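Each chain, written out:
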Amino acid sequence: MKNTLSIIKPDATKRNLVDQINKLITTKDLKIVAQKRIKLEPDEAKAFYIVHKDKPFFNDLIKYMTSNEIVVQVLEGVNAIEDYRKIMGATNPEKAEDGTIRKNFAINIQENSVHGSDSEENAKIEIDFFFKNNEVS
Ligand code: IDP
Ligand code: MG
């Protein structure tokens, strides 16, 4: 079994989409094994997205990620990382496949409703960023 980190982002929590998004997550081979709703501080958002610090959209991304609460989740499955990236759809919702979370719910390339880890290495770093060992079942 593998774990991946999922975030339901501010645009989605604002619109009360958590239950609908969780339905799309759990219909495939993925189980939600930890979940909490939190408000990110700007410094935490900057630390989480440090790989994007030189991108033109970085400051807007931090503003957006701290604009409302987020729901952070640990997902478990045999191919959790790849399976969740598929369920999420492309970063730009205009390019996302039908049935994906981003196709269904994202507003634009920034307000794209969900985050999912992109590799096993980053999944571990990102899960440790938000969860203590005893919070993940
Ligand atoms: P990902 O979330 O699909 O892995 P990344 O390239 O890692 O996409 O970007 C992280 C987040 O930064 C995106 O999910 C989105 O919220 C935001 N973002 C990415 N590219 C752009 C852009 O070109 N304009 C505005 N925001 C962007
Ligand atoms: Mg990414």
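Residues numbered from 1 in each chain as written. Chains lettered and ligands numbered in written order. Predicted model: local features only at pLDDT ≥ 70, side-chain atom pairs only at ≥ 80, totals over all residues. Heavy atoms only, no water.

How do you make sense of the site of ligand 1 when you look at a structure like this?
Around ligand 1, the neighbouring residues are Lys-9, Tyr-49, His-52, Phe-57, Leu-61, Arg-85, Thr-91, Arg-102, Ile-109, Gln-110 and Asn-112. At a separation of 2.9 Å, an oxygen atom of ligand 1 approaches a polar side-chain atom of Arg-85. Interatomic distance of 2.5 Å between a side-chain N/O atom of Thr-91 and an oxygen atom of ligand 1. Isolated, ligand 1 exposes 520 Å² of accessible area, and the fraction of that covered by the protein chains is 77%. Of the residues in the shell around ligand 1, the class split is four nonpolar, four polar and three charged. (Near = heavy atom within 4 Å. Polar contact = N/O pair within 3.5 Å; in protein donor to acceptor, adjacent residues only side chain to side chain. Areas by Shrake-Rupley, 256 points an atom, 1.4 Å probe, with all protein chains shown as cover. Nonpolar A, V, L, I, M, F, W, Y, C, P; charged D, E, K, R; others polar.)

What am I meant to see in the nonpolar core here?
A general trend in soluble globular proteins is that nonpolar side chains are found buried together. Counting residues in hydrophobic clusters, the biggest one holds 19 residues, and the most contacted among them are Leu-5, Ile-7, Met-65, Ile-70, Phe-130 and Phe-131. Of all the elements in the fold, those that place two or more residues in this core are β1 (2-8), β2 (31-38), α3 (42-48), α4 (58-65), β3 (70-77) and α7 (120-130). No other element matches the five residues that α4 contributes to this core. When residues no more than four places from it in sequence are discounted, the contact partners of Met-65 are Ile-7, Lys-9, Pro-10, Leu-40, Ala-45, Tyr-49 and Ile-70. Counting residues in each nonpolar core, the second largest holds 16 residues, with Ile-8, Val-18, Ile-21 and Tyr-84 among its members. (Core = buried A, V, L, I, M, F, W, Y, C linked by side-chain atoms within 4.5 Å. Buried < 20%, exposed > 50% of the residue type's maximum accessible area, 1.4 Å probe, protein only. Helix = DSSP H or I, 4+ residues; strand = E, 2+ residues; numbered from the N terminus. Contact = heavy atoms within 4.5 Å.)

Which parts of the structure should I look at to understand the pairing of β3?
Regular strands have side chains that alternate between both faces of the sheet. For β3, the tally of buried residues reaches eight of eight residues, placing the bulk of the element in the interior. Of the two faces of β3, the one carrying Ile-70, Val-72, Val-74 and Glu-76 and the one carrying Val-71, Gln-73, Leu-75 and Gly-77 are both buried. As paired strands, β1 and β3 are joined by seven bridges and run antiparallel to one another. Bridged to Thr-4 within β3 is Leu-75. Where β2 meets β3, seven bridges bridge the pair, whose relative direction is antiparallel. Among the inter-strand pairings, Ile-38 is bridged to a residue of β3, identified as Ile-70. (Pairing = 2+ DSSP bridges.)

I keep staring at the sheet that holds β2 and nothing clicks. Help me out?
In sheet architecture, strand pairing relies on hydrogen bonds along the backbone and comes in two forms, parallel and antiparallel. Spatial strand order, β2-β3-β1-β4: four strands in an open sheet with antiparallel pairing. In this open sheet, the two strands that pair with only one neighbour each are β2 and β4 (114-116). Sheet twist, expressed as the mean angle between neighbouring strand axes with direction ignored, is 20°. (Axes fitted to C-alpha atoms, helices over the stretch in contact; angles between N-to-C directions.)

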